[in-house]
Amino acid sequence: MKRKRVLLSAVAALVLLALSACGRSATVTELSVVPEPVFMVQKEGSYTLHSSIKLSVTGIGQNSPTLKYVTKALRSARFRPSLVSASQDSDVELVLNDTLNPELGDEGYLLEVRSGGIRLSANSGAGLLYGCQTLLQMLPADVTRVSYATVSLPECTILDHPCYGWRGVAVDDSCGVLGAKFMRRLVDAMSLYKLNRLRLRPPADADSEDVAGVVEYAASRNVAVEVMDSCGWAMETDTVFCVNGFYEGLERAREGCVVVMSPSDYCSYNRYQADARYQPAADAGVVTLSRVYGFKPVPEGTAARLAEMVAGACGRYTAKTGSDARGAEYMLLPRMLALAEVLWSPAEVRDWGRFRRKVEVQKDRLAAHGYSYCEGSFTPLFAARRVDETTMNIEVSTEVPNTYIFYTTDGSTPTRESAVYIGPVNLQRGTHIKLLPVYKGVDRDSVYEFVIK
């Protein structure tokens with residue numbers, strides 16, 4: 001009987017091995033990278049990665065933090081990375097430039113996917129790390145939960161570098177409810193989306209070893225931590241944090257100071273991000289995903305002398321008694337992604353419609369990593385265009401794609417039996433329109449009422 005059990009166990013192991021070897025195959029057809037790269041062109045061909053990925057490195061050591069992070073991330077994505085000495089034998093070649101590429105700067109990278117393999121080059125370890133984050137985002141969103149035997153990536157060229165050097169999140173955990181594990185998970189998410197500054201206020205009685213561990217962990221992911229010992233959001237020795245009036249903050253800055261923008265109307269993640277009746281308790285005011293995406297760290301018309309002082313911006317969250325790690329993630333995500341794209345990507349490549357579609361892919365990725373996040377605001381967004389003196393062409397959307405909007409124009413309350421909005425509609429001025437947003441079969445918000453003017 002014992003021998004039969006051993007044989008059955010061996011057979012079961014072989015079956016599982018065979019099944020894993022014959023795992024799913026995926027073909028990526030559309031790239032949904034956040035933040036949007038400076039330059040990205042997708043081509044017709046593809047390159048197929050197998051579960052056993054061969055890596056080669058040039059200019060960096062085998063014990064470098066970047067290589068360690070990449071191999072760990074690939075293992076988390078259920079791949080089996082190994083190092084090879086020759087670049088022609090590798091699937092992914094990582095190159096630290098011996099001659100600086102001026103287009104890339106300190107944090108930029110050049111990622112090329114060709115039919116013969118993948119080449120990633122950068123001027124620094126930080127650039128290589130960010131290029132790897134882009135490559136990881138090109139993989140299927142569920143790679144941490146599903147074993148893929150092959151993944152085919154489209155041929156493409158991506159040249160990328162940030163607009164602002166200071167891309168941050170500030171977390172006040174002085175009440176001590178979040179903990180070091182949350183901070184590490186936050187750092188992972190920040191690094192994935194190319195945010196590089198974490199301002200942390202730990203509890204007064206925090207174990208210094210825990211704080212030091214977070215600082216070290218963050219450094220390996222190119223996230224610098226400045227540890228605060230007070231609530232001083234506004235001033236530091238050589239850095240000014242503007243949390244209210246833009247010019248007021250700049251005027252307080254001394255010559256040579258670095259200015260980091262953090263206006264509450266765009267960067268306070270303690271505020272509601274959708275209709276308060278459908279959200280956990282939060283501070284008064286609403287900062288939606290679309291509002292964060294519309295943030296301009298340097299407002300139009302700013303004098304060049306002042307604009308040059310702005311190094312970037314910082315989203316911020318203060319934990320309160322009764323808060324927990326899941327709730328903090330919910331308040332930060334996905335608004336943190338919008339801030340990341342605003343600070344990294346130039347205005348000419350940013351597009352709200354494209355971003356909101358990418359966020360849906362990133363939600364799947366966040367869910368696969370176990371993060372909590374808000375679906376978004378379902379408040380209808382209106383765009384009106386004049387047709388003639390009595391008629392307006394109305395276009396309606398929400399922050400969340402694939403939201404069904406049921407509507408009425410006769411004064412009655414809309415239900416799921418009412419007309420469904422499927423595209424722009426012409427309505428007479430003075431029409432009283434009521435709308436009901438439904439997402440994934442659930443009423444996601446109140447009935448909204450508007451009068452067409």
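This one's a predicted model, so the numbers in the text were calculated from it and none came from an experiment. (Residues numbered from 1 in each chain as written. Predicted model: local features only at pLDDT ≥ 70, side-chain atom pairs only at ≥ 80, totals over all residues. Heavy atoms only, no water.)

For the chain, the average pLDDT comes to 89, and 90% of its residues sit at 70 or higher. Confidence over residues 10–21 falls short of pLDDT 50; this stretch has one contact with residues more than four positions distant or in other chains. Scored below 50 in pLDDT, residues 231–237 shows 24 contacts in the model against residues more than four places distant or in partner chains. (pLDDT = per-residue confidence, 0-100. Contact = heavy atoms within 4.5 Å.)

Running from N to C, helix α11 (residues 335–344) and helix α12 (residues 352–368) point in directions that differ by 130°, and their axes come no closer than 11 Å. Taken together, the axes of α11 and α12 lie oblique to each other. Viewed along their axes, α11 and α12 form a crossing whose handedness is right-handed. Contacts between α11 and α12 pair L337, A338 and E341 from the former with F355, K358 and Q362 from the latter. (Axes fitted to C-alpha atoms, helices over the stretch in contact; angles between N-to-C directions. Helix = DSSP H or I, 4+ residues; strand = E, 2+ residues; numbered from the N terminus. Parallel < 35°, antiparallel > 145°, perpendicular 65-115°, else oblique. Left-handed = near helix turned anticlockwise from the far one by under 90°.)

Each full turn of the α-helix corresponds to 3.6 residues, which orients residues three or four apart in the same direction. Between the first and last C-alpha of helix α5 (residues 208–219) there are 16 Å, a value that for twelve residues agrees with the 16 Å anticipated at 1.5 Å per step. Along α5, the positions that sit buried rather than exposed are V211, G213, V214, Y217 and A218. End-on, the buried residues of α5 take up no more than an arc of 155°, which puts them together on one face. Exposed residues pointing more than 90 degrees away from the buried face of α5 are listed as S208, E209, E216 and A219. On its buried side, α5 packs onto α4 (179–192) and β11 (224–227). By the N-cap criterion, in which a side-chain oxygen at the helix start approaches the backbone nitrogen of a residue two or three places on, α5 is capped by D207, the distance to E209 being 2.8 Å. (Expected span 1.5 Å × (residues − 1). Buried < 20%, exposed > 50% of the residue type's maximum accessible area, 1.4 Å probe, protein only. Arc of directions from axis to C-beta. Polar contact = N/O pair within 3.5 Å; in protein donor to acceptor, adjacent residues only side chain to side chain.)

Let us look at the sheet that holds strand β9 (residues 166–172). The strand order across the open sheet formed by six strands is β11-β10-β9-β16-β13-β12, and the pairing between neighbours is parallel. This sheet does not close on itself; its edge strands, each paired only once, are β11 and β12 (239–242). Each neighbouring strand pair of the sheet contributes to a mean axis angle of 25°, computed without reference to strand direction. Looking at chain direction, strand β13 (residues 258–261) and strand β16 (residues 310–318) are connected through three bridges and run parallel. Bridge pairing in β16 links V260 to G312. On top of the sheet, α4 reaches β9 and β10 (197–201); it is set at about 160° to β10, its chief contact. (Pairing = 2+ DSSP bridges.)

A separate point is the sheet that holds strand β18 (residues 391–397). If you trace the three strands from one edge of the open sheet to the other, you get β17-β18-β21, paired in antiparallel fashion. The sheet is open, and its two borders are formed by β17 (381–386) and β21 (425–428), each paired with just one other strand. On average, each strand axis in the sheet is tilted by 35° relative to the strand beside it, whichever way the strands run. In the sheet, β17 pairs with β18 via six bridges, with the strands oriented antiparallel. Residue pairing across strands places R386 opposite M392, the latter belonging to β18.

Below, the discussion takes up the packing of aromatic side chains. According to the stated counting rule, one finds seven aromatic pairs in the structure shown. Measuring from centroid to centroid gives 4.5 Å for Y293 and F355, while their planes differ by 20°, and the two rings are stacked. Taken as a pair, Y293 in helix α8 (residues 289–293) and F355 in helix α12 lie far apart in primary sequence, 62 residues in all. According to the relative accessible area criterion, F355 is buried, its value standing at 0%. Judged by centre distance (4.4 Å) and plane angle (50°), the ring pair of F382 and F450 falls under tilted. On the criterion of sequence distance, the pair formed by F382 in strand β17 and F450 in strand β24 (residues 448–451) is long-range, its members being 68 residues apart. Residue classification places F382 among the partly exposed positions, given a relative accessible area of 31%. (Phe/Tyr/Trp six-rings, centres within 6.5 Å; stacked < 30°, edge-to-face > 60°.)

A few words now on the side chain of S32. Within the secondary structure layout, S32 lies in the loop between β1 (24–27) and β2 (39–50). Residue S32 is classed as buried on the basis of its relative accessible area of 12%. Beyond its immediate stretch of four places on either side in the chain, S32 contacts Q137, K358, V361 and Q362.

This paragraph deals with the environment of L104. Note that L104 resides in the loop between β5 (92–96) and β6 (109–114). Expressed as a C-alpha distance, the spacing of L104 and L159, which sit 55 residues apart in the sequence, is 7.6 Å. In this structure L104 touches N97, Y109, L110, S121, A122, N123, L159, D160 and H161, once residues within four positions along its chain are discounted.

Between its terminal C-alpha atoms α12 stretches 24 Å, which fits the 24 Å expected from 17 residues at 1.5 Å a residue. Its side-chain oxygen at 3.2 Å from the backbone nitrogen of G353, D351 defines the N-terminal cap of α12. After α12 finishes, the residue G370 shows a positive phi value of roughly 85°.

We now examine unusual backbone geometry. Omega for the peptide link from V34 to P35 comes to 0°, which places this bond in the cis form. Inspection of the secondary structure puts P35 in the loop between β1 and β2. Here the amide bond leading from L333 into P334 is cis, since omega sits at 5°, within 30 degrees of zero. Tracing the backbone through its elements, the reader meets P334 in the loop between α10 (325–332) and α11. Residue K194 is not a glycine yet carries a positive backbone phi of 65°. Tracing the backbone through its elements, the reader meets K194 in the loop between α4 and β10.

Right, let's talk about the pairing of β13 for a bit. Across a regular strand the side chains alternate sides, sitting on one face of the sheet and then on the other. Relative to β13, β12 runs parallel, the two sharing four bridges. Bridge assignment links F241 to a residue of β13, and that residue is V260.

Turning our attention to a nonpolar patch on the surface. A cluster of nonpolar side chains, contributed by Y404, V420 and I422, occupies part of the molecular surface with about 360 Å² of accessible area. Summarising the element assignment, I422 is placed in the loop between β20 (419–420) and β21. (Patch = residues over 30% accessible without salt bridge, like charges linked within 9 Å, V, L, I, M, F, W, Y side chains within 5 Å. Areas by Shrake-Rupley, 256 points an atom, 1.4 Å probe, with all protein chains shown as cover. Salt bridge = Lys/Arg side-chain N within 4 Å of Asp/Glu carboxyl O.)

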